[in-house]
Amino acid sequence: MRLTCPLCGERDRREFYYGGDAMALERPAPDAGDVAWNDYVHLRDNPAGATRDLWYHDGGCGTWLVVERDTLTHAIAKVTPASEVAR
Amino acid sequence: MANLIATPPFGDTLPVTVGATTITERPIERAASVAPFAGRAKAVSAALKQAIGLGLTGPGEWAAKGEASVIWFGRDTWLVIGAEVPESLQADAAVTDQSDAWACLRIDGPQAEAALARLVPLDLRAAAFGTGRTARSLIGHMSASITRAGGQGYDLMVMRSMARTLAHEVAEALQSVAARGA
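Keep in mind that this is a model prediction, so the values were computed, not measured.

## Concerning the overall build of chain A
Along the backbone of chain A there are two helices and six strands. Start at the N end of chain A and walk to the C end: the helices and strands fall as β-β-β-α-β-β-β-α. Referenced to the eigenvectors of the C-alpha coordinate spread, the extents of chain A come out at roughly 40 × 30 × 20 Å. Within chain A, buried positions represent 34% of all 87 residues.

And the structure:
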């Protein structure tokens, strides 16, 4: 697997560290309630198909990335800096 | 104040010469990282250009003028080597002294490229990584800064604590390449 870092270009998977589902960027409001927070902290989808992950370019420039990829075909659809997604 | 004796980060592991390829220490006497605050990169670049004659470079690029060089060092971070960063810059950027924090060696010669191909997951050939290019990547398992030093040479930088490991890994790769009689 190779990821195209927006700063560094196409790099080997070994330079990246997996950071979990990109829903981590969609933090609920502090008063959103137990159901929303339980969902945010514990519940994850396990899709056969399109998914969004966080990856950290720790062996490179140090950028957090949101990677849209397909778990069936291993195709990478899009790589965006997390700083542009989480405003 | 006591007059302290500086010890080189690579100890007695360098220099190494194999055939016409050499690995030598590149002493860093003064270095500082410059990380502009959000939206302040242009101002920092202009101020730096006025002070040392070099502005901030684009991602994957570096520049030098006289003793001074500016190396792209990761996301929104640059390393200024061999020049004093003006104190006024601290209003617009996080400036951190990195002297003695990083160790630098140069591998130069006809087998430098082949030796690094064993350690670095990047295309470091001249066509893809020519004059003025730099990259953050891995050397073995070490996070490193790799810079095209001109001609067949590369400057490799790792955190000082890993200096001897770097010298050992690079020397071993170079000796292995040479042993194949390429």
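## Some remarks on the sheet that holds strand S6 (residues 76-81) of chain A
All names here are of chain A. Ordered by their spatial adjacency, four strands build an open sheet running S3-S4-S5-S6, and the pairing between neighbours is antiparallel. Since the sheet does not close on itself, it has two edges, and those belong to strand S3 (17-21) and S6, each with one partner. Ignoring which end each strand starts from, the neighbouring axes of this sheet average 30° apart. Across five bridges, the pairing between strand S5 (residues 64-70) and S6 is antiparallel. Bridging across to S6, valine 67 finds its partner in valine 79.

## Concerning the sheet that holds strand S3 (residues 31-36) of chain B
Residue and element names in this part refer to chain B. Here we have five strands laid out as an open sheet, ordered S4-S5-S6-S3-S7, and antiparallel in their pairing. The sheet is open, and its two edges are formed by strand S4 (62-65) and strand S7 (93-97), each paired on a single side. Geometrically, the sheet is characterised by an average inter-axis angle of 15° between neighbouring strands, direction not taken into account. Bridge count for strand S5 (residues 68-72) against strand S6 (residues 78-81) is four bridges, and the pairing is antiparallel. Residue pairing in the sheet places tryptophan 72 in a bridge with tryptophan 78 of S6.

## Quick word on the state of the cysteines
Throughout the structure, instances matching the rule amount to zero disulfides over all chains. Counting only cysteine sulfurs, cysteine 5 of chain A is the nearest neighbor of cysteine 61 of chain A, a cysteine outside any disulfide, at a range of 3.6 Å.

## Re helix H1 (residues 41-52) of chain B
All names here are of chain B. If you check H1, its first and last C-alpha atoms are 16 Å apart, about what 12 residues at 1.5 Å a residue would give, namely 16 Å. When we look at burial in H1, the residues that qualify are Val44, Ser45, Leu48 and Ile52. Seen along its axis, H1 keeps its buried residues to an arc of 100°; they face one direction. Exposed residues pointing more than 90 degrees away from the buried face of H1 are listed as Lys42, Lys49 and Gln50. Close packing links the buried residues of H1 with S3, S4, S5, S6 and S7. Phi turns positive, to about 85°, at glycine 53, one or two residues after H1.

Cut-offs and rules
- Residues numbered from 1 in each chain as written.
- Chains lettered and ligands numbered in written order.
- Predicted model: local features only at pLDDT ≥ 70, side-chain atom pairs only at ≥ 80, totals over all residues.
- Heavy atoms only, no water.
- Helix = DSSP H or I, 4+ residues; strand = E, 2+ residues; numbered from the N terminus.
- Buried < 20%, exposed > 50% of the residue type's maximum accessible area, 1.4 Å probe, protein only.
- Pairing = 2+ DSSP bridges.
- Axes fitted to C-alpha atoms, helices over the stretch in contact; angles between N-to-C directions.
- Disulfide = S-S within 2.5 Å.
- Expected span 1.5 Å × (residues − 1).
- Arc of directions from axis to C-beta.
- Contact = heavy atoms within 4.5 Å.

Purely spatial values, then, with no claim about function.
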